[in-house]
Amino acid sequence: MAQDGSMESAAARYELALDTLSSLITKRSRADSSNKGDRFDLLFDYLKILELEEPISQMKIIHVAGTKGKGSTCTFAESILRNCGFRTGLFTSPHLIDIRERFRLNGVEICEEKFLEYFWWCYNRLKEKTNDDVPMPTFFRFLALLAFKIFAAEQVDVAILEVGLGGKFDATNVVQTPIVCGISSLGYDHMEILGNTLGEIAGEKAGIFKYRIPTFTVPQPDEAMHVLEEKASKLNVHLQVAHPLDASLLNGLNLALEGEHQYLNAGLAVALCSTWLQRTGHSITNLNRTGSLPEQFIKGLTTATLQGRAQIVHDQFTDIENPGDMVFYLDGAHSPESMEACAKWFSLAIKEDNQLSNLNYQAQDYTESSNEVAQKHMEERSKKDTAQILLFNCMSVRDPQLLLPRLMRMCASHGVCFKKALFVPNISVYHKVGSHALPTTDPQVDLSWQFALQRVWENLMQDDKGGEVSNTDQVCEEVKDDSGMSVRSYENSSVFSSLPLAIKWLREAAQKDQFVRFQVLVTGSLHLVGDVLRLIKK
């Protein structure tokens, strides 16, 4: 391996680490739990090999599980405690563009140099000491171990850990004595692993409860809350409900993460941080004062950043010639409840965007000599229409019959109807960790899942007409795309063989119709959101 300081060798070293990391992925989807490395007890062997038992026992940890909002809650908590002056470590999943996003030190993803140092230290030690009885850890378990190594070596004051999946058997649950635990909103997701009822799912999430460690949750459905309370009682856990943050406590500022549901996550983060501060012996002005928040808390809540959740990105490609022609609204919602929250956010965000565009145009300072120009601009702006487009994919273990109807109906209740839905396969694959370079499109890609999603969408669109889609209901146009693949297009939807082709179609449509602002909602999968961000931010 080249050791000189050139950019090429640095990129090569990073690619080698990613390829090596990819070798630990033993399954193509999260639904398969059959490989040998999934025995939970092995994690404690790995901790011994990496000499992490003592460092973890000394860490002052906030541990958060949940179905929806756990990443946002952890992000708020990290931002709050960083603004209180503490050195923070944040471990979240999944990443959107670069694996290093999962490991944040003081709010910034770990640099390549440090990532490589800690990666090879852990990997080489494990490779040397593992055997048939104690095999190499699987992908996510290795990442959790790496996070513990990074946070121990970097001597963080607080480590905030987001559970990857479930709770009881998640790799982060090797933590024995966290300072405080949190359970964000519970709902139906990963049922193939966690169970088919809210009670079963709540039982798995409650697996992070530790004897007498204070724990907070948000208001939950009765079935879930009953199980949480039962599990808490058995471990003598003081389980408290954190209520949504009162917006008036922010002194006129807005939460950094958009969407009404974020007030729920912010309320949980405030409770977790307040308890962490109290239990670690730190005092902050106004910490327990009713009706106010410490300044550090307000700054943390109003400056936190998290990609791919209620994120708005103006397409730079169309901006070159036609400012504002296309805007992407990205949200990694992938459960029925989060799909509703996403739809509500999108509906309100595009209305706000349209109003702001009008106001900005009207606020321009035209001189008397430019009145004619101003009039012309105003006339053009008043003609400018908007078109809402859905760009969607989800994992095949999810039920589109639970996701797409909720999305469509919530949008419709706010007067938003999609002109077209585009269904695409993800670029990211589950057996390879993505690099900075975009992977090439698979010419043999299987689009059967995208066609299934399209059928669900077309049936929803036809509901008002009193029947399901059949071959005679609509004209189905089959055309070849740039890759030679067949694309199935109906009036309301299209399937593209790759994401880049879908983006190309959108950009061409936006440039062709300059009197329409295209507002594109990207949702259903955090992998899809990450792929779109990589493409449009190139």
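Residues numbered from 1 in each chain as written. Predicted model: local features only at pLDDT ≥ 70, side-chain atom pairs only at ≥ 80, totals over all residues. Heavy atoms only, no water.

Here we look at the pairing of strand 10 (residues 326–330)
Point 1. Where burial is concerned, most of strand 10 is hidden: 5 out of the 5 residues are buried.
Point 2. The alternating pattern of strand 10 places Met326, Phe328 and Leu330 and Val327 and Tyr329 on opposite faces, both of which are buried.
Point 3. Pairing of strand 10 with strand 16 (residues 516–523), which is carried by 5 bridges, proceeds in the parallel orientation. If you follow Leu330 over to strand 16, its bridge partner there is Val522. (Buried < 20%, exposed > 50% of the residue type's maximum accessible area, 1.4 Å probe, protein only. Helix = DSSP H or I, 4+ residues; strand = E, 2+ residues; numbered from the N terminus. Pairing = 2+ DSSP bridges.)

Some details on unusual backbone geometry
Point 1. Geometrically, the link from Ser93 to Pro94 is a cis peptide bond, its omega value of -10 degrees lying close to zero.
Point 2. Tracing the backbone shows Pro94 in the loop between strand 2 (88–91) and strand 3 (103–105).
Point 3. Despite not being glycine, Arg212 has its phi angle at roughly 65 degrees, a positive value.

A look at the environment of Leu521
Point 1. Summarising the element assignment, Leu521 is placed in strand 16.
Point 2. A relative accessible area of 0% means that Leu521 is categorised as buried.
Point 3. Each C-alpha atom, one on Leu521 and one on Phe328, is 6.1 Å from the other, the two residues being 193 residues apart in sequence.
Point 4. Contact partners of Leu521, with chain neighbours within four places excluded, come to Tyr329, Cys342, Trp345, Phe346, Ile389, Leu390, Leu391, Leu407 and Phe418. (Contact = heavy atoms within 4.5 Å.)

A word on the packing of helix 15 (residues 400–413) against helix 16 (residues 448–462)
Axes are the key here: two packed helices are described by the angle between their axes and the distance separating the axes.
Point 1. Two numbers describe how helix 15 lies on helix 16: the axes approach to 10 Å, and their chain directions differ by 45 degrees. One finds that helix 15 runs oblique with respect to helix 16. The hand of the helix 15/helix 16 crossing is right-handed. Between helix 15 and helix 16, the contacting residues are Pro400, Gln401, Leu404, Pro405, Met408 and Arg409 on the first element and Trp449, Leu453, Val456, Trp457, Leu460 and Met461 on the second.
Point 2. A per-class count over the contact of helix 15 with helix 16 returns 10 nonpolar, 1 polar and 1 charged. (Axes fitted to C-alpha atoms, helices over the stretch in contact; angles between N-to-C directions. Parallel < 35°, antiparallel > 145°, perpendicular 65-115°, else oblique. Left-handed = near helix turned anticlockwise from the far one by under 90°. Nonpolar A, V, L, I, M, F, W, Y, C, P; charged D, E, K, R; others polar.)

Looking at the pattern of salt bridges
Point 1. Scanning the entire structure with this criterion turns up 14 salt bridges.
Point 2. The partner of Lys234 in a salt bridge is Glu230, and the shortest N-O contact between them spans 3.8 Å. Residue Lys234 and its partner Glu230 are both found in helix 9 (residues 222–234); the two are separated by 4 residues, about one turn of the helix.
Point 3. By relative accessible area, Lys234 is classed as exposed at 63%.
Point 4. Between Arg534 and Asp531 there is a salt bridge, with its nearest N and O atoms 3.3 Å apart. With Arg534 and Asp531 both in helix 18 (residues 526–536) and 3 residues apart, the pair spans about one turn of that helix. For the pair formed by Arg534 and Asp531, the shared burial category is buried. (Salt bridge = Lys/Arg side-chain N within 4 Å of Asp/Glu carboxyl O.)

Structural notes on the confidence of the model for the protein
Interpretation of the predicted coordinates at a detailed level should be avoided for regions scoring low in pLDDT.
Point 1. Looking at the protein, pLDDT values average 86 and 82% of them are 70 or higher.
Point 2. Contacts for the low-pLDDT stretch residues 30–37, under 50 throughout, to residues beyond four places or in other chains number 20 contacts.
Point 3. Of the regions scoring below 50 in pLDDT, residues 361–382 engages in 12 contacts with residues more than four places distant in sequence or in other chains. (pLDDT = per-residue confidence, 0-100.)

Some thoughts on helix 10 (residues 262–279)
Since the α-helix packs 3.6 residues into each turn, any two residues three or four apart lie on the same face.
Point 1. With 18 residues, helix 10 extends 25 Å from end C-alpha to end C-alpha; this agrees with the ideal 26 Å at 1.5 Å per step.
Point 2. Within helix 10, 14 of the 18 residues are buried, which leaves the element mostly enclosed by the surrounding structure. (Expected span 1.5 Å × (residues − 1).)

Re the packing of aromatic side chains
Point 1. Counting across every chain of the model gives 19 aromatic pairs.
Point 2. Aromatic side chains Phe115 and Phe119 sit 5.9 Å apart centroid to centroid with 20 degrees between the ring planes, which places their arrangement in the stacked category. Of this pair, Phe115 and Phe119 both sit in helix 5 (residues 112–129), 4 residues apart, which is roughly one turn of that helix.
Point 3. With a relative accessible area of 0%, Phe119 lands in the buried category.
Point 4. Following the ring pairs from residue to residue traces out a cluster consisting of Tyr14, Phe91, Phe103, Phe115, Phe119, Trp120, Tyr123, Phe140 and Phe142.
Point 5. Over the face of the ring belonging to Trp121 we find Lys149, whose NZ or CZ atom lies 3.8 Å from the ring centre.
Point 6. One Lys or Arg, Arg488, reaches over the ring of Phe451 and ends 4.1 Å from the middle of that ring. (Phe/Tyr/Trp six-rings, centres within 6.5 Å; stacked < 30°, edge-to-face > 60°. Lys NZ or Arg CZ within 6 Å of the ring centre and 35° of its normal.)

Looking at the packing of helix 8 (residues 198–205) against helix 9
Point 1. In the contact formed by helix 8 and helix 9, the axes pass within 8 Å of each other and the chain directions differ by 35 degrees. Every pair of crossing elements has a handedness; the one defined by helix 8 and helix 9 is right-handed. Where helix 8 approaches helix 9, its residues Leu198, Gly199, Ala202 and Gly203 are matched on the opposing element by Glu223, Ala224, Val227, Leu228 and Lys231.

Points about the environment of Met136
Point 1. Positionally, Met136 belongs in the loop between helix 5 and helix 6 (139–153).
Point 2. Here the alpha-carbon distance between Met136 and Tyr46, two residues 90 residues apart in the chain, equals 8.7 Å.
Point 3. Other than its neighbours up to four places away in sequence, Met136 contacts Leu24, Tyr46, Tyr123, Leu126, Lys127 and Thr130.

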